[in-house]
Amino acid sequence: MAADERLYFVVYDIADPRRWRSVFRTMHGYGEWVQLSVFQCRLTRVRHAELVADLDNITHHDDDHVVIIDLGDADKVKPKVVSLGKRSFSPVVREPIIV
């Protein structure tokens, strides 16, 4: 399953605080929070489609803006990132889930 995952950055600017919180909560179900209004996600094509549908249902197209950037195959992409400040950056990795 991990072989078909791609790495995405999701960046959003939501005009209404209530919708912003809704988008933020939704994004926690899909990826890892990087900083305010920025998430990185490892998604299959199905999960990507679900994310787009969920965000489409929350946002107002006349007032809000969401950008989903496809960085490529999640296991092969090596993004070149400059990270300044208190948090370091590394691409989200697939980790085992213990149930």
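The written sequence of each chain sets the order in which its residues are numbered from 1. Confidence filtering applies because this is a predicted model: local features only for residues at pLDDT of at least 70, side-chain atom pairs given and counted only at 80 or more, and all residues used for totals across whole chains, interfaces and linings. With hydrogens and water stripped out, all remaining heavy atoms of the structure feed into the side-chain values.

Trainee: Explain unusual backbone geometry to me, using residue names and the numbers behind them.
Mentor: In this model, Ser37 sits at a positive phi of 65°, which is unusual for a non-glycine residue. Structurally, Ser37 can be placed in the loop between strand E2 (32-35) and strand E3 (38-43). Where helices and strands are cited, they refer to DSSP runs of H or I of at least four residues and of E of at least two residues respectively, numbered from the N terminus.

Trainee: I'd like a rundown of a nonpolar patch on the surface, residues and numbers included.
Mentor: Here the term patch refers to residues with relative accessible area over 30% and no salt bridge, with like charges joined within 9 Å and nonpolar side chains (Val, Leu, Ile, Met, Phe, Trp, Tyr) within 5 Å. In this description, accessible areas are obtained by the Shrake-Rupley approach with a 1.4 Å probe, and a residue is regarded as covered only by the protein chains that are shown. A carboxyl oxygen of Asp or Glu within 4 Å of a side-chain nitrogen of Lys or Arg is what we treat as a salt bridge. Side chains of Val11, Val67, Ile69 and Leu71 sit close together on the surface and give an oily, nonpolar patch of about 250 Å² of accessible area. Sort the elements by how many residues they give to the nonpolar patch and strand E4 (residues 65-73) lands first, with 3 residues. Mapped onto the elements, Val11 comes out in strand E1 (residues 6-13). Between buried and exposed lies partly exposed: a residue is buried under 20% and exposed over 50% of the maximum accessible area for its type, with that area taken using a 1.4 Å probe on protein chains only. Residue classification places Val11 among the partly exposed positions, given a relative accessible area of 32%.

Trainee: Outline the side chain of Arg19, supporting the account with residue identities and numerical values.
Mentor: Relative to the helices and strands, Arg19 resides in helix H1 (residues 17-28). With residues up to four places along the chain from it excluded, the contact list for Arg19 reads Ile14, Ile58, His60, Asp63 and Asp64. Contacts are assigned to residue pairs that have any heavy atoms within 4.5 Å of one another.

Trainee: Account for the packing of H1 against helix H2 (residues 45-58), with residues named and values stated.
Mentor: It is at 10 Å that the axes of H1 and H2 come closest, and there the two elements cross at 165°. It follows that H1 is roughly antiparallel to H2 by the angle criterion. In the packing of H1 onto H2, the handedness of the crossing is right-handed. Facing H1, whose interface residues are Arg19, Ser22, Val23, Thr26 and Met27, H2 presents Leu51, Asp54, Leu55 and Ile58. In terms of residue class, the contact of H1 with H2 is made up of 5 nonpolar, 2 polar and 2 charged. A fitted line through C-alpha atoms serves as each axis, taken over the contacting stretch for helices, and the angle formed by two N-to-C directions is quoted from 0 to 180°. Small angles under 35 degrees read as roughly parallel and large ones over 145 as roughly antiparallel, with 65 to 115 read as roughly perpendicular and the rest as oblique. Whether a crossing is left-handed or right-handed is set by the direction in which the near helix is turned from the far one by less than a right angle, anticlockwise for left-handed and clockwise for right-handed. When residues are grouped by polarity, Ala, Val, Leu, Ile, Met, Phe, Trp, Tyr, Cys and Pro land in nonpolar, Asp, Glu, Lys and Arg in charged, and all others, Gly among them, in polar.

Trainee: Kindly report on the pattern of salt bridges, identifying the contributing residues and their values.
Mentor: Opposite charge on two side chains lets them pair, provided their charged atoms get close. Following the criterion strictly, the structure yields 5 salt bridges and no others. With a closest N to O distance of 2.9 Å, Glu5 and Arg42 form a salt bridge. Placement of the pair is Glu5 in the segment before E1 and Arg42 in strand E3, with a sequence separation of 37 residues. The class for Arg42 is buried, based on a relative accessible area of 10%.

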